[in-house]
Amino acid sequence: ERAAREARELLRSAAAQANPRARELYAGMVENGIGGDARPALARQVYAEAGTRLARWRLARMLEQGRGGPKDLVSARKLYRLAGEAGQIDARYDHARMLRAGLGGPQDLPAARAELERTTGFCHGDAADDLAEMAEKGEGGLRNVELAATHYLRAIDCDNGNFRPPAALTRWERLSRETRYAIQNKLLADSRYAGPVDGAWSAALARALRKGTARPGGSRR
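Residues numbered from 1 in each chain as written. Predicted model: local features only at pLDDT ≥ 70, side-chain atom pairs only at ≥ 80, totals over all residues. Heavy atoms only, no water.

(A) How the structure looks around the overall build of the chain. Counting its secondary structure elements, the chain contains 12 helices and 0 strands. Along the chain direction, N to C, the helices and strands of the chain fall in the order α-α-α-α-α-α-α-α-α-α-α-α. Considering only C-alpha atoms, the chain reaches an extent of 65 × 40 × 25 Å along its principal axes. Among the 221 residues that make up the chain, the fraction classed as buried is 46%. Across the chain, every contact between residues at least 6 apart in sequence was considered, and the portion connecting residues at least 24 apart equals 52%. Looking at the chain as shown, the accessible area adds up to about 10700 Å², and 50% of this sits on carbon and sulfur atoms. (Helix = DSSP H or I, 4+ residues; strand = E, 2+ residues; numbered from the N terminus. Buried < 20%, exposed > 50% of the residue type's maximum accessible area, 1.4 Å probe, protein only. Contact = heavy atoms within 4.5 Å. Areas by Shrake-Rupley, 256 points an atom, 1.4 Å probe, with all protein chains shown as cover.)

(B) Broad picture of empty space enclosed by the protein. Tallied over the full model, the rule gives 1 cavity of 30 Å³ or more. Taken together, Leu116, Thr119, Thr120, Phe122, His124, Ala127, Ala128, Leu131, His151 and Arg154 form the lining of the largest cavity. At 3 residues, helix H8 (residues 125-137) tops the list of elements feeding residues into the lining of the largest cavity. For the lining of the largest cavity, a count of residues per class yields 5 nonpolar, 4 polar and 1 charged. (1 Å grid on protein atoms, 1.4 Å probe; cavity = no way out; pocket = protein on both sides within 12 Å on 5 of 7 lines; lining within 4 Å. Points joined across faces, edges and corners; volume = space filled by probe spheres on them. Nonpolar A, V, L, I, M, F, W, Y, C, P; charged D, E, K, R; others polar.)

(C) Summary view of the pattern of salt bridges. Taken as a whole, this structure holds 19 salt bridges when the rule is applied. Note that Arg21 and Glu24 form a salt bridge whose closest N and O atoms lie 2.1 Å from each other. In this pair, Arg21 and Glu24 both sit in helix H2 (residues 20-32), 3 residues apart, roughly one turn of the helix. When the shortest N-O distance is used, the salt bridge between Lys137 and Glu133 registers 3.3 Å. With Lys137 and Glu133 both in helix H8 and 4 residues apart, this pair spans about one turn of that helix. Take Lys137: its relative accessible area is 53%, and that puts it in the exposed class. Residue classification places Glu133 among the buried residues on the basis of a relative accessible area of 18%. (Salt bridge = Lys/Arg side-chain N within 4 Å of Asp/Glu carboxyl O.)

(D) Layout of the environment of Pro196. Inspection of the secondary structure puts Pro196 in the loop between helix H11 (177-189) and helix H12 (203-209). Judged by relative accessible area, Pro196 falls into the partly exposed class, the value being 49%. In this structure the C-alpha to C-alpha distance between Pro196 and Cys123, which are 73 residues apart in sequence, comes to 29 Å.

(E) Structural detail: the nonpolar core. Membership of the largest hydrophobic core comes to 26 residues, with the highest contact counts inside it found for Tyr26, Tyr47, Trp57, Ala76 and Tyr80. At the level of secondary structure, the elements contributing two or more residues to this core comprise helix H1 (2-16), H2, helix H3 (40-50), helix H4 (53-65), helix H5 (73-85) and helix H6 (89-101). The element contributing the most residues to this core is H4, with 7 residues. The next biggest cluster of nonpolar side chains, apart from the first, holds 18 residues, and it includes Ala135, Leu153, Ile183 and Leu187. (Core = buried A, V, L, I, M, F, W, Y, C linked by side-chain atoms within 4.5 Å.)

(F) Focus on the side chain of Asp94. Note that Asp94 resides in helix H6. Within the structure, the side chain of Asp94 is placed 3.0 Å from the side chain of Arg97, a separation counted as a polar contact. (Polar contact = N/O pair within 3.5 Å; in protein donor to acceptor, adjacent residues only side chain to side chain.)

(G) Local environment of H5. Compared with the 18 Å implied by 1.5 Å per residue over 13 residues, the 18 Å span of H5 between its first and last C-alpha is a close match. All buried positions along H5 are accounted for by Ala76, Arg77, Leu79, Tyr80, Ala83 and Gly84. One side of H5 carries all its buried residues, which in axial view fall inside an arc of 165°. Opposite the buried face of H5, by more than 90 degrees, sit the exposed residues Val74 and Glu85. In this structure, the buried side of H5 is in contact with H4 and H6. Among the residues trailing H5, Gly87 stands out with phi positive, at a value near 110°. (Expected span 1.5 Å × (residues − 1). Arc of directions from axis to C-beta.)

In structure tokens form, the structure reads like this:
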């Protein structure tokens, strides 16, 4: 705790010298009450001053959730977009989520799907599940159960404990029959499964789905 207080004071001093990285780190300590009291209103201010992609993402979360001040979904959506364009993958996912739900502006399903497709080079479980669901339902583009199956499986393979529980493990019966067949066929092709292609849940299928190798993903911190 003493070290945390000292670190917070050093970062506060560096942040006062307009160091963006120091501002980002100091705001994180202030937001979460590390090395002193939590001061969410101050965290908002310092994140805004930092202007880094991570700071913009964290500020957007605070604005969306109404922490440290009033909710501002319009500004949150804009900041998610800016942070995502700068390469913050969690922000890109959150921007897609708001576009899909019509939060902070008009609903735009094609733009939401395109944003999720821009995350596929990274192992982000929530983005993979959302893209799979949009492809399965034909939201924002053509219905494509093969693409849906690919990304439902990717959500499992990318799960690192920081994302929602993968849909294929927790909502199997709610997936379309065609998607369930496609998932089983892909598992067969990868030699991860040797059971029937019948769309049914089974112990063998559960074992096959869990054979994916967990990889580092977006933090969702």
